[in-house]
Every structure is written in C-alpha cells, then in structure tokens.
Amino acid sequence: MKVLFVASEAAPFIKTGGLADVMGALPKELRKQGVETALVIPKYAGIAGAYQAQMETVYTGTVDLSWRNQYMGVEKVVLDGVPVFFLDNEYYFKRDGLYGYYDDAERFAFFSKAVLAMLPHIGFKPDIIHTNDWHTGLVGVYLKEDFMKDPFYKDMKNVFTIHNLKYQGIYGRDIVEDVLGLSMRLYYNGNIENGGCVNFLKAGMCYADYVTTVSRTYAEEIRYPYFGEGLDDYVRLCSGKLKGILNGMDASAYNPETDPYIPYPYDDTDVFSRKPLNKEALQKELGLPVNRKVPVIALISRLVEAKGLDLLTFIMDEMMQEYVQFVVVGTGDRQYEQALQELAARYPDKVSVQILFSEALAHKVYAGADLFLMPSRYEACGLSQMIAMKYGTVPVVREVGGLKDTVANFERYVGTGNGLTFPNYNAHELLFTVKRGLSYFEEESVWEKLVLNAMHSDNGWEKPAEAYRDLYRQLLEAAPAAEPGPVPDPGRPGESLDTVTEAVQQVIEKTAFGESVRAEARKEAAGADKAAAEAKAAAPAAETGPAKKRTRRTAAKKAAAPGKEAAGKKPAGKKPAKKGSTGKGTANPAKAARTPRAKKTDK
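Definitions and limits used
- In this convention, every chain numbers its residues from 1, walking through the sequence in written order.
- Reporting of local features is limited, given that this is a predicted model, to residues whose pLDDT is at least 70; pairs of side-chain atoms are given and counted only at 80 or more, and all residues count toward the totals for whole chains, interfaces and linings.
- Side-chain calculation: all heavy atoms of the structure are included, whereas hydrogens and water are not.
- Helix and strand definitions here come from DSSP, where helices need a minimum of 4 consecutive H or I residues and strands a minimum of 2 consecutive E residues; each element is numbered from the N-terminal end.
- Each residue is assigned to one of three classes by its accessible area relative to the maximum for its type, calculated with a 1.4 Å probe on protein chains only: buried under 20%, partly exposed between the two thresholds, exposed over 50%.
- Residue contacts are defined here by distance: any two heavy atoms, one from each residue, within 4.5 Å place the two residues in contact.
- We treat two strands as partners when DSSP finds at least two bridges between them.
- To get an axis, fit a line to the C-alpha atoms, keeping to the stretch in contact for a helix; angles then go from 0 to 180 degrees between the N-to-C directions.
- Side-chain atoms within 4.5 Å are what join buried Ala, Val, Leu, Ile, Met, Phe, Trp, Tyr and Cys residues into a set we call a nonpolar core.
- Looking at any residue, its pLDDT shows the predictor's confidence there, from 0 to 100.
- When describing relative orientation, an angle under 35 degrees is termed roughly parallel and one over 145 degrees roughly antiparallel, while 65 to 115 degrees is termed roughly perpendicular and anything else oblique.
- Left-handed is the label given to a crossing in which the near helix is rotated counterclockwise from the far helix by less than a right angle, and right-handed is the label when the rotation is clockwise.
- Residue classes follow a fixed rule: Ala, Val, Leu, Ile, Met, Phe, Trp, Tyr, Cys and Pro count as nonpolar, while Asp, Glu, Lys and Arg count as charged, and any other residue, Gly among them, counts as polar.
- A crossover counts as right-handed when, viewed with the strands pointing away from the observer, the path leading from the first strand over the helix to the second turns clockwise.
- Whenever a carboxyl oxygen of Asp or Glu lies within 4 Å of a side-chain nitrogen of Lys or Arg, that contact is scored as a salt bridge.
- Under this definition, polar contacts are N or O atom pairs within 3.5 Å; protein pairs additionally need one hydrogen-donor-capable and one acceptor-capable atom, and for neighbouring residues in sequence, both atoms have to be side-chain atoms.

## Some remarks on the overall build of the protein chain
Summing up its helical and strand segments, the protein chain has 24 helices and 18 strands in all. Here the protein chain holds 603 residues, and 51% of them are scored as buried. Summarising the internal contacts of the protein chain: among those between residues at least 6 apart in sequence, 69% fall at separations of at least 24.

In structure tokens:
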C-alpha cells in the first residue's frame, strides 16, 4: 500500500503551524507500520539552505492551468526513510512568506494540478493521495474531473483531512474558468461552491473518498453552526464519510530526557528534583526573581481571539493577585500584544512577555513552567497541551475539540486525570480553574500525582497512525458508500439528457445560485404588481352613462389575476365582475370609478 501525502508545509523543512508537525511525523510513523509513504510540498524560498543543497532534480515539465502553461520542476530529498518531493516554480513560490498573497488561489491550484501531473515521472504511484486543508482541496477535483480519464490514475483514492475549518480558501466565481480551468458546471451544481463563492475546502470534501479531521470531538462539533464556519450543513451531509482521528505528538522532537534546548534534562524518575532547576534557569533568563517555590504559569500561543485571549486579558490582573509568575511567548493581534505588555509593565517582578516565537525559548518554558494555559474558544486538536504534559507541566484547558480528547480533569480524591479543565467559555471559570491548580501545587503529594499522570499520558503517533492505516485498507478493500459528489455529465453512457437536466436543476435550486434566481423572479413579479397599481391609479376618477359600466368591467378585468374569480359582493342588478387580488381589506377596484353620488348611496 502506497500513500502520497500532499500539504502546503511540513516540518522540518518549512513551518507556520500544526499542519507542518503532522506532516513531519505521520508519514514517518506509517512507514514503521508497513505503509509505503511519500510527501510533496511546494519548494518555498524559505526552506533552509541545508535541505536545498541535498535536493536532486527528478523531473521538469509544464502544467496547463486554464490558458496558462507553467513550468514545473520536481526535486527530491529522503528524510527518515520518507521520500519528500518539492514542486518548484519560482513565480509562485519564491516569496518571503507562504500565504496571504493576492494570487493564492492560482498558486495552490497550480500546486494541486502539478502534484497529479508529476506522478507518472517520479517512480512512486500511490494507491491513496492524502490531501490536507484547503490548499490541496482541488487535487480531488482535478483527479476525478480530468486525470482519471487516463488509466494510470483510474484506481487512485483520495483522503482529505481538515486541520482547521476556519480557513477554507474562499474566492469569487470569476476564477472558475479563467484561473482554475474548470467548468462552471461544477460551480452551479454546488461541488466547489458555498455561499455564492468558490470554496476550496468544500471542494476537497466533496471529491474525497473519505474525510477526516484531527480529533473525535472536533468531528462532532463542526456539524453545528457555532463551530461549522458556514459549512456545518455540508459537514452533516458528509457524515457518512467523516471520521475524527486524533493527532499525535512527535516524541523524538519533544522529550525532556533528550531535549538539547533545556539545561537540565529529566524524566519521570527525577522530574521533581531537576524540573525546578529548569524553572530557576528560565526565571534568570527572563529577568524574573529566581525562586523555585513560586508557581510559574505559561502561555505559548498565537495571540488571537480563537486562543481565548479575551478571557485571559479580562482576568489577568486578578490572577496577578496570587503568588505566581506569568510567562508569555508568542505573536498575534496588536490589541492582545499591547494588553500583555502593559501587564508586564504593571507587574515587572511577576510577568515576562516575549512578543516573538523562538523554538529554543518555547522548549525552556515547557520545561520550567508549572501550569500551562489553553483557554481556547475552539481547538481542532492542539499540540501544546500534549507537549506540556510530556514535560510535566499541567495544562489548564477548556473542554473543546482535541483539548477535551487529550486532557481529563484531575480528581484529587481518586487520583485520576492528567490536567485541569473547565467547560464554558467564561473568564472566571478560567480564573477559578487556575486557582484550583495553585491549591494543588501547595499540596506536595497531590501535585506530584497530577504531574506524573500528565507525563504518563499516551499522546504519541502510534495509535493515530494505526487508525489511518486501517482507514486506508478499508478504503482500498471495499467499494465506497454512496456520498455527495459530482453530478453526472450529460455525456455519460446510460443516462438520458432529461434525467441529468432534472438532477442538475434539483441541485441548483438548493444552492445560493438557485436562491438568486428565485429572488430575481420575485423582483420581476413585484415590478409587475407595481405597474398594474400605477395603471389603476391613472384611470379616470369618474365616468357617466353606459361607458361607466364598461370601464368598471374593463378595469376589474385588468386588475384581476388571470384565472381567478371575483371575491367581492355582486352589485344589485348587475352581472358579477372580476376583482383583483390586491391584498387584505381591498375593495372592488371598480369602486374607484364610481361618481361621488354613487359613493354617497353606498354609505
């Protein structure tokens, strides 16, 4: 069984978040379990020179992207037994950063198509292509709409993993043909459309044979609007092919026994004698009073609302009234950076705020802190809580996503649990949970039990890799169940044009495009009603003689809706006249043409 992982980043080559850590560890662990894996990422300018010097060119060619014909180079490095391919195109990837450019849709459409185009030339034909996040969402589209016409690709399967549903790759419909080189049919039938826009992540879900996400709880949460980021209805539609598989932690990269960044390595046998030494070294480096008896609370995070920073900033002054020190490492939104820096200015002997990210400093904080804060609003999986536990630092987390799946609340009287948790997104629940942790810190036997429970937590990659291996086997051995997917092309054998047209029409009616069509129809109907009303108002106010009868009948006929009978009373001595359906309480339209004397008689 061969599996090709496709991602926009991977450690140790290039990293901005947790996706890179997964791509650096999962293919390697699967190799240990007998799965032949390989990995492909773009060749960014930011990849370290040491790795670029090791690359060997495997193939050069071109890729058609709509009307464009772009250069594609494929280079290769083997790391820990895993072949890693780098797709080279300097126009798209020789830039200072990885994301956030005006042409990201084009960049990652090129990458997705180039991944498929390189396969016949690299000596690795996968059974399964495992794509990750929106940047690779179009791989499945190009595979099933285009490349499967070639027998080489016929039996390939696609697994798509959602690492964070918030980032979806949303663009205007104008890119479908001009940039992506795809048919507008795929937009109108909803395969790549959501909310009136092209959505790369939805496309990845639609065309995947199986969809996974990075924790069991998160797989349930994204079915609901609060966590669903506008895709919860489609997630529910895909529930038959959706599974949550918890991420793991690379134990070789995060191990206090062998960590080169910390001054005093330790394990679970000497943690209580050597971890305080790391605390003292951290306090000295950050300019805080050196005292191993002071509990150190740490935060290593992107400083953004999703990580619970609004909760923290609300209670941080109250927290500083306790006998603690507080260490922050990270960057993010300016409002949170400034609030934390002002806190450090108010409490210079208790708070150190480092607005940066340093891998070395992060390891020292994990080893030297006692409590680790993760009060996230949402957390697909989370890695920091796993690292903290490995280093004997007790996590304080909200019960959400992967945090709920990895951290169990400590019950002091029975000795179970590996951290401290709170259920609601509430600032004072966070504060009270921190205070509970501080009270445990004062009781040596209780604290030691909690720390050892945390260190003994099993958060490695072995079990997650087994779950993925079983999923791959299931996918290759059994035909996939019915699922949402592409609407059949009219040209496929065995289908009449009428059948396909009706199917397409049903899908269109459920999309934002269909709603816009219905809105336009309602607008036209309202315009017709307005025109009729204006015509009625312009009619003569009174007529005399025989013409009056004809005018009333004519006006009534014009105002009446086609095919409807009059609903009002029949004037005495006259034949029933049709009336317009002008709304509740509307009188006979013909009354507008009566003379003042006729109105007086009615009264």
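## Regarding the sheet that holds strand S3 (residues 56-65)
One open sheet accounts for 9 strands, arranged S3-S4-S5-S2-S1-S6-S7-S11-S12; its pairing is mixed. For this open sheet the edge positions go to S3 and strand S12 (242-244), each flanked by a neighbour on one side alone. Adjacent strand axes in the sheet meet at a mean angle of 25° when their direction is disregarded. Where strand S1 (residues 2-6) and strand S6 (residues 128-132) come together, 4 bridges link them in parallel fashion. Looking at the pairing, Val6 lines up with Thr131 of S6. In the packing of helix H8 (residues 200-207) onto the sheet, contacts are made with strand S7 (157-162) and strand S11 (210-213), and the angle to S7 comes to roughly 140°.

## Describing the nonpolar core
Met118, Leu180 and Phe326 are the most contacted members of the largest nonpolar core, which has 178 residues in total. Top element by residues in this core is helix H4 (residues 104-118). It accounts for 10 residues. In contact with Leu180, not counting residues within four places along its chain, are Leu65, Ala105, Ala109, Leu138, Tyr142, Ile175, Val198 and Phe200.

## Describing the confidence of the model for the protein chain
Chain-level statistics for the protein chain give a pLDDT mean of 86 and a share of 79% at 70 or above. Low pLDDT, under 50, characterises residues 480-501; the predicted model gives this stretch 29 contacts beyond four residues in sequence or across chains. Here residues 540-603 scores under 50 on pLDDT; set against residues more than four positions off or in separate chains, the count is 45 contacts.

## Here's the deal with the packing of helix H13 (residues 309-319) against helix H14 (residues 334-346)
With their axes 11 Å apart at the nearest point, H13 and H14 run at an angle of 20° to one another. It follows that H13 is roughly parallel to H14 by the angle criterion. Remark: the crossing between H13 and H14 carries left-handed chirality. Within the contact between the two elements, H13 uses Leu309, Asp310, Leu312, Thr313, Met316 and Asp317 and H14 uses Tyr336, Ala339, Leu340, Leu343 and Arg346. Among the residues making up the contact of H13 with H14, the classes are represented as 7 nonpolar, 1 polar and 3 charged.

## Focus on unusual backbone geometry
Cis geometry marks the peptide bond from Ala11 to Pro12, where omega comes out at 5°. Among the structural elements, Pro12 can be located in the loop between S1 and helix H1 (18-32). Located in the positive-phi region is Ser66, a residue other than glycine, with phi close to 55°. Along the chain, the position of Ser66 falls in the loop between S3 and strand S4 (68-79).

## Describing the packing of helix H12 (residues 271-286) against helix H15 (residues 359-368)
One way to put it is that H12 packs onto H15 with a least axis distance of 8 Å and a crossing angle of 130°. One finds that H12 runs oblique with respect to H15. Classified by chirality, the crossing of H15 by H12 is left-handed. Residues Lys275, Asn278, Lys279, Leu282, Glu285 and Leu286 of H12 form the contact with H15, whose participating residues are Leu361, Lys364, Val365, Tyr366, Ala367 and Gly368. Counted by class, the contact of H12 with H15 contains 6 nonpolar, 2 polar and 4 charged residues.

## Observations concerning the pairing of strand S14 (residues 325-329)
Counting buried positions along S14 yields 5 of 5 residues, so the element is predominantly enclosed. What you see with S14 is no split at all: Gln325, Val327 and Val329 on one side and Phe326 and Val328 on the other are buried throughout. Both strand S13 (residues 296-300) and S14 contribute to a ladder of 5 bridges, which runs parallel. What sits directly across from Ile297, in S14, is Phe326. With respect to chirality, the unit in which S13 leads through H13 into the neighbouring parallel S14 is right-handed. Looking at chain direction, S14 and strand S15 (residues 351-354) are connected through 4 bridges and run parallel. Each bridged residue has a counterpart across the sheet, and for Val329 the counterpart in S15 is Gln354. Taken together, S14, H14 and S15 form a β-α-β motif whose crossover is right-handed.

## Some details on the pattern of salt bridges
Pairs can form between side chains of opposite charge once their charged atoms are near each other. Scanning the model with the defined rule gives 24 salt bridges in all. Note that Asp21 and Lys15 form a salt bridge whose closest N and O atoms lie 3.1 Å from each other. Among the salt bridges present, the one from Arg292 reaches Glu280, with a minimum N-O distance of 3.0 Å. Of this pair, Arg292 sits in the loop between H12 and S13 while Glu280 sits in helix H12, and the two are 12 residues apart along the sequence. Residue Arg292 is classed as partly exposed on the basis of its relative accessible area of 34%. Taken together, the shared-partner salt bridges in this structure form one network comprising Lys28, Asp80 and Asp250.

## Digging into the side chain of Thr213
Inspection of the secondary structure assignment puts Thr213 in strand S11. With relative accessibility at 0%, the residue Thr213 sits in the buried group. At a separation of 2.8 Å, a polar atom in the side chain of Thr213 contacts the main-chain carbonyl oxygen of Ile162. Those residues in contact with Thr213 that sit more than four places away from it in its chain are Thr161, Ile162, Tyr218, Ala219, Lys243, Gly244 and Ile245.

## Some details on the sheet that holds S14
Strand order across the open sheet formed by 6 strands is S15-S14-S13-S16-S17-S18, with parallel pairing between neighbours. Edge positions in the open sheet fall to S15 and strand S18 (420-422), since each of these has one partner strand only. Taken pair by pair, the neighbouring strands of this sheet meet at an average axis angle of 15°, ignoring direction. As paired strands, strand S16 (residues 371-374) and strand S17 (residues 394-398) are joined by 4 bridges and run parallel to one another. Bridged to Leu373 within S17 is Val396. Along the sheet, H14 makes contact with S14 and S15, crossing S15 at roughly 145°. Against the sheet, helix H18 (residues 427-442) makes contact with S13, S16, S17 and S18, and its axis sits at roughly 160° relative to S18, the strand it touches most.

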